[in-house]
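# Observations on the three-dimensional arrangement
If you want the building blocks of each chain, they are given just below.
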Amino acid sequence: MTSPDAAPITRASVGLRSERGPVLLAVMLSTGLVAIDATILAAAVPAVVDDLGGLTQFPWLFSVYLLAQAVSMPIYGKLSDLMGRKTVMLVGVGLFVVGSLLCGVAWSMGSLIAFRALQGLGAGAVQPVGMTILGDIYSVAERAKVQGYVASVWAASSLVGPTLGGIFADYLSWRWIFLVNLPLGLVAGWMLWSRFTEHRTARDPSARRPRIDYLGTVLLTVATVALLVALLEGGVVWAWSSPVSVLLLVGSVVLTVAFVAVERRAAEPVLPLWVFRHRVVGAAMALSLVVGVLLLGLSSYVPLFSQGVLGTGAIVAGFALAAMTIGWPVAATSAGRIYLRFGFRATVLLGAVVSVIGAALLLTVDGSSSPLHLAVPNFVMGLGFGWVASPSIVAAQASVGWQQRGVATSATLFARSIGSAVGVAVFGAVANSVVRGRLGHEPESLESLPPGVLEPAIEAVFLLSFAVAVTLLLAAWLMPKRVEEVVEDAAPVREDVAG
């Protein structure tokens, strides 16, 4: 990794009190909205169902948010490269705030699900474009410090989210889970609007206006939705061998082939095929994909093991999983110092090794284990993820210029979303297969199974997690030893607003 000579970096030069501090704070606030929203609703599901009904529909409160966020990430990434980060980020924050307001006044489960989709569309812009903004305004060396600030947002949100959700549901109203986003979102939007300045470079007057890849956008969206719905609902709502699953999976493959054909000819492809061939961006996507698989596998089955096998309550089960979300930002905070000294490949290899160790420790958990015994492997794996995920994104951003940075960032996060859906499907199929072998029939739900059946099913999931963690080592080797930082004099952005 190389970077230009610069003055020594101090915490003040990249902190909240620095010249760029207001922009960093705005990105942190915007990211915090998305991070808290990922956990705050889970504790209030019973209250929502009691008020609105729709017991069988409530899982879509989470699925539709994930779908909307995942399918829109690549689109926003490309738009941020064409139109500038500020415009797209403000649109994302605006959609999230409007979606939150509508969720807060929802009159039925159907309306709440629809408004959650709108929230997801906003989140699809906030996360990748916010990280792209930080990649624009901070050098690789400075990002080593900035990561600590962003990581602290995720750490705080993982603890504050469930607590706030429970307080609002028990003492106020579940609607405040969404309405609390309004003041925070408005402050973040105002700070981005008033303090974030993007400078325009000279543009060739003869150049044509950027053309939006509408056909590619539609094909990518429909193909991704078909794939994610098939993976999220297959084996749950309908059987894997059912006509619905086959139609969705085959349709996704056909649409993906059509998408590739369109992208080869598009003037401004929404997801350029070069990201898959680029050594650094491709490696970052591979790492992000595997982390996504492991992340959702742990998130789905660790709390279930804690409650269904160890017999703990929901709060203790949540803390067992929270150990991972604490370990992640702890490692991300120190990752910058490691990759500045030893390089990106060494850092992600360290993270992969630690993840494998955590997965191996998870294999020692059984029905006689304590909740602490369950939490320790999750904390270790969280450390591994922190040394893999954050450096991967920084490396991808550093290896491309301004006009490709949005695409590189969103493609990496998009890969994680796809990996998460794959993880849910594969781990679910493994668990259900073990249960069928013991019961002789399809289970109505894993949650209702006795510990003697549930324990071996989840232990099979943990064993598969170890195998997947080993593939993280292979993906880490794809990262080049040397990552050249692309340094530009100015960013060719379409908008200039005085700060």
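Residues numbered from 1 in each chain as written. Predicted model: local features only at pLDDT ≥ 70, side-chain atom pairs only at ≥ 80, totals over all residues. Heavy atoms only, no water.

## Quick notes on the environment of Val422
Note the following rule: Helix and strand definitions here come from DSSP, where helices need a minimum of 4 consecutive H or I residues and strands a minimum of 2 consecutive E residues; each element is numbered from the N-terminal end. Here, two residues are considered to be in contact whenever any of their heavy atoms come within 4.5 Å of each other.
Take Val422: it is sitting in helix 17 (residues 402–439). Those residues in contact with Val422 that lie beyond four places of it in its chain are Leu231 and Val293.

## Things to note about helix 11 (residues 243–265)
The following threshold applies: Any helix carries an expected span of 1.5 Å times its number of residues minus one. In this scheme, a residue with accessible area under 20% of its type's maximum is buried, one over 50% is exposed, and one in between is partly exposed, where area comes from a 1.4 Å probe on protein chains only.
Helix length check: helix 11 (23 residues) gives 33 Å between terminal C-alpha atoms against 33 Å at 1.5 Å per residue, within 8%. Residues of helix 11 that are buried: Ser245, Leu248, Ser252, Phe259, Val262 and Glu263. Tucked into the core, helix 11 has its buried residues touching helix 10 (214–233).

## Considering the packing of helix 10 against helix 17
Just so we agree on the cut-off: Each axis is a line fitted through C-alpha atoms, taken for helices only over the stretch in contact, and angles between the N-to-C directions span 0 to 180 degrees. For classification purposes, angles smaller than 35 degrees are called roughly parallel, those larger than 145 roughly antiparallel, those between 65 and 115 roughly perpendicular, and all remaining angles oblique. Ten residues, namely Ala, Val, Leu, Ile, Met, Phe, Trp, Tyr, Cys and Pro, are considered nonpolar, four, namely Asp, Glu, Lys and Arg, are considered charged, and the remaining ones, Gly among them, are considered polar.
Their axes nearest at 8 Å, the elements helix 10 and helix 17 cross at an angle of 30 degrees. It follows that helix 10 is roughly parallel to helix 17 by the angle criterion. Contacts between helix 10 and helix 17 involve Leu220, Thr224, Leu227, Leu228, Leu231 and Leu232 from the first element and Phe414, Ile418, Ala421, Val422, Val424 and Ala425 from the second. Its residues assigned to classes, the contact of helix 10 with helix 17 shows 11 nonpolar, 1 polar and no charged.

## A word on the packing of aromatic side chains
Short version of the rule: When two rings of Phe, Tyr or Trp (its six-membered ring) have centres within 6.5 Å they constitute a pair, described as stacked for plane angles under 30 degrees, edge-to-face for angles over 60, and tilted for the intermediate range. Lysine and arginine charges are scored as sitting over a ring when NZ or CZ, respectively, is within 6 Å of the ring centre and within 35 degrees of the ring normal.
In total, this model carries 5 aromatic pairs according to the counting rule given. Here the aromatic rings of Phe305 and Phe462 are separated by 5.6 Å at their centres, their planes lie at 50 degrees, and the arrangement is tilted. Of this pair, Phe305 sits in helix 13 (residues 279–308) while Phe462 sits in helix 18 (residues 451–477), placing them 157 residues apart in sequence. According to the relative accessible area criterion, Phe305 is buried, its value standing at 0%. Accessibility expressed as a relative area gives 2% for Phe462, which makes it buried. Residue placement shows Lys86 over the ring face of Trp193; its charged tip is 5.2 Å from the ring centre.

## Description of the packing of helix 17 against helix 18
The test is simple: Helix crossings get a hand from a simple test, with the near helix turned counterclockwise from the far one by less than a right angle marking a left-handed crossing and a clockwise turn marking a right-handed one.
Interaxial distance between helix 17 and helix 18 falls to 9 Å at its minimum, and their mutual angle equals 145 degrees. Judged by the sense of rotation from one axis to the other, the crossing of helix 17 with helix 18 is right-handed. On helix 18, the residues that touch Val426, Phe427, Val430, Ala431, Val434, Val435, Arg438 and Leu439 of helix 17 are Gly452, Val453, Pro456, Ala457, Ala460, Val461, Leu464 and Ser465. Residues of the contact of helix 17 with helix 18, tallied by class, amount to 13 nonpolar, 2 polar and 1 charged.

## Description of the nonpolar core
Nonpolar side chains in soluble globular proteins tend to be buried together. Note the following rule: Side-chain atoms within 4.5 Å link the members of a nonpolar core, which is a set of buried Ala, Val, Leu, Ile, Met, Phe, Trp, Tyr and Cys residues.
Leu287, Phe305, Phe344, Leu374, Phe385 and Met479 are the most contacted members of the largest nonpolar core, which has 57 residues in total. At the level of secondary structure, the elements contributing two or more residues to this core comprise helix 7 (140–171), helix 13, helix 14 (314–342), helix 15 (344–362), helix 16 (371–398), helix 17 and helix 18. Broken down by element, this core gets its largest block of residues, 13 residues, from helix 13. Tyr76, Ile133, Leu134 and Leu179 belong to the second-largest nonpolar core, a separate cluster that totals 31 residues.

## Examining the pattern of salt bridges
The condition is simple: The term salt bridge refers to a side-chain nitrogen of Lys or Arg lying within 4 Å of a carboxyl oxygen of Asp or Glu.
Summed over the entire model, instances satisfying the criterion amount to 6 salt bridges. Close ionic contact of Glu268 with Lys78 constitutes a salt bridge, the shortest N to O distance being 3.0 Å. Of this pair, Glu268 sits in the loop between helix 11 and helix 12 (274–277) while Lys78 sits in helix 4 (residues 60–83), and the two are 190 residues apart along the sequence. On the basis of relative accessibility, which here comes to 27%, the residue Glu268 falls in the partly exposed class.

## Things to note about the side chain of Thr312
Basically, it comes down to this: Side-chain atoms alone can form a polar contact between residues adjacent in sequence; in general such a contact is a pair of N or O atoms within 3.5 Å, and within protein one must be able to donate a hydrogen while the other accepts it.
Of note, Thr312 is situated in the loop between helix 13 and helix 14. Reaching out from Thr312, the side chain makes a polar contact with the side chain of Ser306 at a distance of 2.5 Å. With residues up to four places along the chain from it excluded, the contact list for Thr312 reads Ser306, Gln307, Ala317 and Pro371.

## A short note on a nonpolar patch on the surface
Worth spelling out the cut-off: Like charges are joined within 9 Å and nonpolar side chains (Val, Leu, Ile, Met, Phe, Trp, Tyr) within 5 Å, but only among residues with over 30% relative accessible area and no salt bridge; these make up the patches. Calculation of accessible area relied on Shrake-Rupley with a 1.4 Å probe; when residues are assessed, cover is drawn exclusively from the protein chains displayed.
A surface patch of nonpolar side chains, about 410 Å² in accessible area, is lined by Val353, Ile357, Leu361, Leu372 and Val376. Elements represented by at least two residues in the nonpolar patch include exactly helix 15 and helix 16. Broken down by element, the nonpolar patch gets its largest block of residues, 3 residues, from helix 15. Residue position: Val376 is located in helix 16.

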